[in-house]
Amino acid sequence: MNCQNFEEVVTEIAREQIIDAGARAEALRHSDVCEPCAGRLEDERAMTLSLRGLAENTASAGAPARVESRLLAAFDELALTQFPALPVSAGRYRRQYFIGAIAAGLLLVFGLSAIRWRQSVPLTQEIGTPLAADTGSRSSTPMVTTFTPPIIKKNLTDSRGSRRKSSTRPKGGASAKTKPANTDHTEIATDFIPVIYGGAVNLAEGGRMVRVQLPRLAMASFGLPVHMDRANEKVKADVLVGVDGLAQAIRFVQ
Amino acid sequence: MIAAILVQTMVTQITDSELVQTMLGGDKEAFAELYRRRQRDVYRFALHMTGAPDLAEDVTQEVFMVLMRKANQYDQLKGSVNAFLLGVARNYVLRRLRQERFFVSIDDSVGDRAGDEAGANETLTRTEEILAMHKAILNLPAHYREAVVLCDLQELSYAEAAAVLGCAIGTLRSRLHRARAILIERLRTSGRAPNKELESTRCFA
């Protein structure tokens with residue numbers, strides 16, 4: 001090794017850096033025989049010691065506590081705009097938990113009210129029970145079928161049962177107090193006729209009955225006799241609709 | 001007590017990168033922990049580069065404000081969080097020095113810290129040596145100064161220091177080598193050479 005090669009590694013040796021062991025040994029051998037390079041190595045080692053002394057002397061130096069205070073305050077301010085989706089402090093945590101708790105409480109109250117209201121409505125409804133004029137507003141009542149409809153059932157409008165039914169669900173305002181439109185009529189209905197080809201009527205999961213008006217000619221589709229002179233007239237019909245929204249059965253009412 | 005130790009152990013196991021990610025989610029404590037871990041490195045770098053505690057304080061604050069605002073720009077594949085912070089600190093220091101034509105002053109407290117340790121004569125000598133060394137470092141050109149500060153005073157590895165400076169490791173080694181040679185020469189001129197007995201230490205035999 002010559003002095004130029006020595007110069008390339010002298011800093012690493014003085015700083016005790018990891019270098020090739022062979023190069024290090026050669027450099028040290030060179031410094032043994034070359035006085036200027038030995039002096040150069042001593043200078044570098046002394047420099048390393050001095051720098052380490054300075055580093056140790058300032059090792060405990062750090063920013064004053066006020067910097068941390070200022071930064072944390074700035075973080076709070078910045079968090080409101082930069083991290084709006086997340087809470088940044090215990091206060092904000094508490095506020096959000098409080099709002100969430102209120103919302104959950106309200107939800108629970110409404111949920112329980114809805115369940116109670118549903119339980120107050122009779123789950124089973126006799127299929128043959130005639131519907132009032134405002135059937136449409138009641139059509140969402142869940143119904144578990146007991147599919148034994150009578151062929152003809154007379155509607156006693158002033159019976160206690162009918163009153164009970166109309167009181168089971170609030171209709172609101174004056175309409176709830178008015179008598180149904182068909183109170184003076186006696187309805188005659190056919191049997192329920194399945195409308196699903198080859199399928200049995202299945203309302204085990206519930207369903208609803210919808211009053212509709214159809215051309216009298218539609219009765220012919222179900223094998224019922226139709227007077228052709230009255231074919232264009234309308235006829236009432238009750239349609240049983242399953243929970244899937246498909247019509248299950250139909251009966252014609254007069 | 002044990003719980004506190006356990007919590008402290010858990011906190012120290014979290015890496016700086018994880019703290020940055022947590023901080024990005026708005027966690028103030030993550031930011032505070034990161035600050036406590038790294039503020040000394042940033043402050044000391046600024047102090048060694050400028051020689052002014054006030055400026056070092058400003059730089060430290062600015063660096064962590066940048067972290068607060070632009071933490072999403074940190075890419076751990078490019079280097080450690082410490083390297084990121086020191087890189088930001090370097091940019092601020094250089095900008096401030098350019099803008100203000102900052103006149104480098106020696107912080108007397110640097111010497112004062114040495115004064116508590118030994119006897120009066122030794123203390124005076126050591127204090128003078130430290131001040132002289134600090135002054136010599138502050139008089140180096142910036143690109144040499146930062147190499148000495150990062151590698152010798154902050155004791156970063158070549159790879160980390162090169163990441164901070166954004167240069168190749170070979171370039172950094174060359175700058176460090178040259179900076180140390182300049183320091184030795186200047187200290188010799190001022191009569192405070194580490195090895196005063198040798199008149200000339202360079203040979204090109």
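Residues numbered from 1 in each chain as written. Chains lettered and ligands numbered in written order. Predicted model: local features only at pLDDT ≥ 70, side-chain atom pairs only at ≥ 80, totals over all residues.

1. Some points on the overall build of chain A
Within chain A, the secondary structure is distributed over 9 helices and 4 strands. For chain A, the succession of helices and strands along the chain, N to C, is α-α-α-α-α-α-α-α-β-β-α-β-β. Counting contacts in chain A only where the partners sit at least 6 residues apart, residues at least 24 apart contribute 63% of the total. (Helix = DSSP H or I, 4+ residues; strand = E, 2+ residues; numbered from the N terminus. Contact = placed C-beta atoms within 7 Å.)

2. So, the overall build of chain B
Helix and strand counts for chain B come out as 10 helices and 0 strands. In sequence order, the secondary structure elements of chain B are arranged as α-α-α-α-α-α-α-α-α-α. For chain B, the residues scored as buried account for 38% of the 205 residues in total. Partitioning the intrachain contacts of chain B with sequence separation of at least 6 by distance along the chain shows that 61% fall at a separation of at least 24. (Buried ≥ 20, exposed ≤ 12 C-beta atoms within 10 Å, placed from the backbone.)

3. Details of the packing of helix α3 (residues 28–50) of chain B against helix α5 (residues 81–100) of chain B
The geometry of a pair of packed helices is captured by two quantities: the angle between their axes and the separation between those axes. Residues and elements named next belong to chain B. Axis separation between α3 and α5 bottoms out at 10 Å; the angle between their running directions is 30°. In terms of orientation, α3 and α5 fall into the roughly parallel class. Crossing handedness for the pair α3 and α5: right-handed. Two secondary-structure elements touch here, α3 through R38, D41, V42, F45, A46, M49 and T50 and α5 through V81, N82, L85, L86, A89, V93 and L97. (Axes fitted to C-alpha atoms, helices over the stretch in contact; angles between N-to-C directions. Parallel < 35°, antiparallel > 145°, perpendicular 65-115°, else oblique. Left-handed = near helix turned anticlockwise from the far one by under 90°.)

4. Some details on the confidence of the model for chain B
Residue and element names in this part refer to chain B. Across chain B, pLDDT averages 80, with 75% of residues at or above 70. Highest mean pLDDT in chain B belongs to helix α8 (residues 142–153) (94); lowest belongs to helix α6 (residues 108–114) (52). When the criterion is pLDDT under 50, residues 196–205 qualifies, and its contacts beyond four places in sequence or with other chains add up to 16 contacts. Quick note on the complex model: pTM equals 0.55, ipTM equals 0.76. (pLDDT = per-residue confidence, 0-100.)

5. With respect to the sheet that holds strand β1 (residues 193–194) of chain A
Strand order in this open sheet of 4 strands is β1-β4-β3-β2 (chain A), and the pairing throughout is antiparallel. Two strands lie at the open edges of the sheet, namely β1 and β2 (207–215) of chain A, each paired on one side alone. (Pairing = 2+ DSSP bridges.)

6. Looking at the environment of G79(B)
Residues and elements named next belong to chain B. Take G79: it is sitting in the loop between α4 (53–70) and α5. The sequence separation of G79 and E160 amounts to 81 residues, and the corresponding C-alpha distance is 7.4 Å. Once residues lying within four places of it in the same chain are set aside, the contact partners of G79 are F84 and A163.

7. A short note on α8(B)
Residue and element names in this part refer to chain B. In terms of burial, α8 is a largely internal element, 10 of the 12 residues being buried. Within the span of α8, buried status applies to Y144, R145, E146, A147, V148, V149, L150, C151, D152 and L153. One or two positions beyond α8, positive phi appears at E155, with a value near 55°.

8. Considerations on unusual backbone geometry
Notably, E16(A) is not glycine yet its phi reads approximately 55°, a positive angle. Secondary-structure assignment places E16(A) in the loop between α1 (3–14) and α2 (21–33). At E155(B), a position not held by glycine, the phi torsion is positive, near 55°. Turning to its location among the elements, E155(B) is positioned in the loop between α8 and α9 (158–165).

9. Details of α1(A)
Taking 1.5 Å per residue as the helical rise, α1(A) with its 12 residues ought to reach 16 Å, and the 16 Å between its terminal C-alpha atoms agrees with that figure. Looking at α1(A), one finds that the buried residues are F6(A), V9(A), V10(A), T11(A) and E12(A). Each element contacted by the buried residues of α1(A) is listed here: α2 and α3 (35–57) of chain A together with α10 (169–189) of chain B. E16(A) sits one or two positions beyond α1(A) and adopts a positive phi of about 55°. (Expected span 1.5 Å × (residues − 1).)

10. Brief notes about the packing of α5(B) against α9(B)
Residues and elements named next belong to chain B. Here α5 crosses α9 at 45°, and the two axes come no closer than 8 Å. One way to sum up the angle between α5 and α9 is to call them oblique. Crossing hand, α5 versus α9: right-handed. The segment α5 lies against α9, with A83, L86, G87 and R90 engaging E160, A163 and V164. Among the residues forming the contact of α5 with α9, the class breakdown is 4 nonpolar, 1 polar and 2 charged. (Nonpolar A, V, L, I, M, F, W, Y, C, P; charged D, E, K, R; others polar.)

11. Considering the confidence of the model for chain A
The pLDDT averaged across chain A works out to 72; a share of 64% of its residues lies at or above 70. Of the regions scoring below 50 in pLDDT, residues 123–183 of chain A engages in 69 contacts with residues more than four places distant in sequence or in other chains.

12. Some words on the pairing of strand β4 (residues 247–253) of chain A
Residues in a regular strand point their side chains to alternate faces of the sheet. Residue and element names in this part refer to chain A. By the criterion of burial, β4 is predominantly enclosed, with 5 of the 7 residues buried. Here 2 bridges tie β1 to β4, and the two strands are oriented antiparallel to one another. By the bridge assignment for β4, I193 is matched with I250. Pairing analysis gives 6 bridges linking strand β3 (residues 234–242) to β4, with the strands arranged antiparallel. In the sheet register, D238 faces β4, and the bridge partner there is R251. In this antiparallel pair of consecutive strands, β3 and β4, the connection spans 4 residues, and G245 shows a positive phi of 90°.

13. Description of the environment of M1(A)
Residue and element names in this part refer to chain A. Its location among the elements puts M1 in the segment before α1. Residue classification places M1 among the partly exposed residues on the basis of 17 C-beta atoms within 10 Å. Each C-alpha atom of the pair M1 and E26 lies 6.3 Å from the other, and the pair is 25 residues apart in sequence. Not counting residues up to four positions away in its chain, the partners in contact with M1 are F6, E26, A27 and H30.

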